[in-house]
Amino acid sequence: MTHPLGNPPSKIIAVHLNYPSRAKERGRAPSQPSYFLKPPSSLSGTKEAIIRPEGCELLGFEGEIALVIGSRAQHVTPEDGWSYVRWVTAANDAGVYDLRYADSGSNVRSKGADGFTPIGPRLLDARELDPAALQLRTWVNSELVQDDTSDTLLFPFGQLVADLSRLVTLEPGDVILTGTPAGASVVSPGDLVEVEVSGGGLSTGRLRNPIAAGPALDPYGAMPRVGPAEREAAYGSAYIPEPLLGKEIEDGLRSVAVATLSAQLRKRGLPHMSIDGVRPTQPGTGMVGVAHTLRYLPLREDLFQKYGNDMNAQKRAIEELRPGQILVMDARRDTSAGTLGDILALRAQQRGAAGVVTDGGLRDSAAVTDLGLPVYHGGEHPSVLGRRHVPWDTGVPIACGGALVQPGDLLVGDADGVVVVPPELAGELIADCREQEAQERFITEQVRAGHGIEGLYPLGPQWREAYKQWRKQHDVGGESL
């Protein structure tokens, strides 16, 4: 494309992390900005296709605010940094995560391809804008997926210009991509990505770029390669290590009852681990997963306008879900408004969620039940979220049904309810639960045979030898008494 100032820039500099919402997704908050370079040949304009090479799976989009430098900047101060910006426009920092492994952080191949930096369609005069009052929005196939404002930035625009100018001379026409907020993810051929920057009554208009399939890369160098880390990075969430909920732990937790887990937690001085007041849509289906949290605050109409609309925390929480996670909602046990409906439940299911737990209300309960996704809720209610709640934030410790739930806690549910399991206790809890349930099966058989419960329930010394023999006959594993 023709550069907005008539000539290609000498450089395009991109910031890695700058929005708190994105930092939360990544699981880290940098103390200083970090950067990478994109070649000027990666520039393109609105309506130009972003090409995903054949063999690549993870083409990511990142809506960003782009700054175009207007005058030579060397050793400027943060207070003066904004004065060196001439234009502001919308940008899409596209890239293929399939090649990310090959360049050890430089992103040359993954983000430097021709057409991977579309900007436009209009330039906004920076002199007419408040740098702390810009809004960035991104749509995929007309669905709003990113919505954030420049007043939240970890590193304001003036600081970025000053920081870079300490060592790198910024020339007129240079472009700075200032980071992307939460919601950046993966698109496929046939999708349409649109990005808009607005502020002070001005708008860039929507930067529109269709995604198209391209030919395979010539086999002269690194070829596409995808693993769990690449997928997690591409889809926008902090990576959950596999050992946190490996198959052995998951199978073990599924093999024991919630009531038994609750009893064993109580023995360890943890009597408040049950999520009270919730009931399942699928009583016969167990649920095991890793907690991802969402917090609602009481309705305040003026704040709902800012926090409750568009890509709010509720929708972001759904889009942040990863396979095996359980979305846990803190609705302050207020069941007089829905906190989940059929469309968001379907999306959670499509994201691979292991279930949803809310101590608030459930809308569209029949449709949600028909999905087959385990959902625990405080009660049915037809009202929408905005009657009682403001979706506030995600990925923070919350209270759900009286229990404190941290991101990364394990949750186990069955017909009796839901219990929170600290990950570090899971292994020993499984072993002790299996022993307790073996004893209870033995006791049940004795009661059916007509024995009284004195000295039997709980298992007393006079029954221990009989229990040991019963274990051997029934080939029950675990430690004996």
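Residues numbered from 1 in each chain as written. Predicted model: local features only at pLDDT ≥ 70, side-chain atom pairs only at ≥ 80, totals over all residues. Heavy atoms only, no water.

So, the overall build of the protein
Broken down by element type, the protein carries 13 helices and 30 strands. Dimensions of the protein, computed from the C-alpha atoms along their principal axes, are close to 95 × 55 × 40 Å. Counting over 481 residues, the protein shows a buried share of 52%. Taking the intrachain contacts of the protein between residues at least 6 apart in sequence as the baseline, contacts between residues at least 24 apart amount to 77%. On the protein, roughly 21100 Å² of surface is accessible, and the fraction owed to carbon and sulfur atoms is 51%. Across the protein, the centroid of the 47 positively charged side chains sits 1 Å from that of the 60 negatively charged ones. (Helix = DSSP H or I, 4+ residues; strand = E, 2+ residues; numbered from the N terminus. Buried < 20%, exposed > 50% of the residue type's maximum accessible area, 1.4 Å probe, protein only. Contact = heavy atoms within 4.5 Å. Areas by Shrake-Rupley, 256 points an atom, 1.4 Å probe, with all protein chains shown as cover. Lys, Arg positive; Asp, Glu negative; His and termini not counted. Charge placed at Lys NZ, Arg CZ, Asp CG, Glu CD.)

Re the pairing of strand 19 (residues 287–298)
In the case of a regular strand, side chains alternate between the two sheet surfaces. The element strand 19 is largely enclosed, with a buried count of nine among its 12 residues. For strand 19 and strand 29 (residues 410–414), the ladder comprises four bridges, and the chain directions are antiparallel. Opposite Val288, over in strand 29, you have Val412 as the bridge partner. As paired strands, strand 19 and strand 20 (residues 325–330) are joined by six bridges and run parallel to one another. For Leu294, the partnering residue across the bridge sits in strand 20 and is Met329. (Pairing = 2+ DSSP bridges.)

Focus on the environment of Leu134
Inspection of the secondary structure assignment puts Leu134 in the loop between strand 9 (117–125) and strand 10 (135–140). Taking the relative accessible area as the measure of exposure, Leu134 reaches 1% and is therefore buried. Leave out the neighbours within four places in its chain, and Leu134 touches Ile65, Val88, Leu129, Asp148, Thr149, Ser150, Phe157, Ser198 and Gly199.

Some thoughts on the nonpolar core
Counting residues in hydrophobic clusters, the biggest one holds 39 residues, and the most contacted among them are Ile65, Leu67, Trp82, Val85, Val88 and Leu170. Residue assignment for this core shows that the elements contributing at least two residues are strand 6 (63–69), strand 7 (85–92), strand 10, helix 4 (157–165), strand 14 (192–199) and strand 16 (207–216). When residues in this core are grouped by element, the largest group, four residues, is from helix 4. In terms of nonpolar packing, the next biggest core, distinct from the first, is built from 36 residues, Ile249, Val256, Val290 and Val419 among them. (Core = buried A, V, L, I, M, F, W, Y, C linked by side-chain atoms within 4.5 Å.)

Points about the packing of helix 7 (residues 258–267) against helix 12 (residues 426–448)
With their axes 9 Å apart at the nearest point, helix 7 and helix 12 run at an angle of 115° to one another. Taken together, helix 7 and helix 12 sit at an angle that is classed as roughly perpendicular. The hand of the helix 7/helix 12 crossing is right-handed. Residues Thr260, Leu261, Ala263, Gln264 and Leu265 of helix 7 form the contact with helix 12, whose own contacting residues are Leu429, Asp432, Cys433, Gln436 and Glu437. Its residues placed into classes, the contact of helix 7 with helix 12 shows five nonpolar, three polar and two charged. (Axes fitted to C-alpha atoms, helices over the stretch in contact; angles between N-to-C directions. Parallel < 35°, antiparallel > 145°, perpendicular 65-115°, else oblique. Left-handed = near helix turned anticlockwise from the far one by under 90°. Nonpolar A, V, L, I, M, F, W, Y, C, P; charged D, E, K, R; others polar.)

Comments concerning the pairing of strand 26 (residues 389–394)
The element strand 26 is extensively covered by neighbouring structure, given that five of its six residues are classed as buried. Where strand 19 meets strand 26, five bridges bridge the pair, whose relative direction is antiparallel. Considered in strand 26, the bridge of Pro298 is made with His389.

Here we look at the side chain of Thr138
Along the chain, Thr138 turns up in strand 10. Within polar-contact distance, the side chain of Thr138 engages the side chain of Gln146 at 2.9 Å. With near-sequence residues (within four places) excluded, Thr138 lies in contact with Phe61, Gly63, Glu143, Leu144, Val145, Gln146, Val193, Glu194 and Val195. (Polar contact = N/O pair within 3.5 Å; in protein donor to acceptor, adjacent residues only side chain to side chain.)

Observations regarding the side chain of Gln439
Inspection of the secondary structure puts Gln439 in helix 12. Side chain to side chain, Gln439 and Glu435 meet in a polar contact 3.0 Å long.

Some words on the sheet that holds strand 5 (residues 59–60)
Strand order across the open sheet formed by three strands is 8-5-13, with antiparallel pairing between neighbours. Of all strands in the sheet, those bounded by a partner on one side alone are strand 8 (95–96) and strand 13 (186–187).

So, the confidence of the model for the protein
Here the protein averages 91 in pLDDT, and 95% of its residues register 70 or above. Here residues 238–243 is a poorly scored stretch, pLDDT under 50, and it has seven contacts once near neighbours within four places are set aside; other chains count. (pLDDT = per-residue confidence, 0-100.)

What about the packing of aromatic side chains?
One pass over the full model with this rule turns up six aromatic pairs. Their ring planes at 25° and their centres at 5.8 Å tell us that Trp82 and Phe157 sit as a pair that is stacked. Separated by 75 residues along the polypeptide, Trp82 in the loop between helix 2 (78–81) and strand 7 and Phe157 in helix 4 bring together distant segments of the chain. With relative accessibility at 2%, the residue Phe157 sits in the buried group. For the cation-ring pair, Arg225 lies above Tyr101, with the distance from its terminal atom to the ring centre recorded as 3.8 Å. (Phe/Tyr/Trp six-rings, centres within 6.5 Å; stacked < 30°, edge-to-face > 60°. Lys NZ or Arg CZ within 6 Å of the ring centre and 35° of its normal.)

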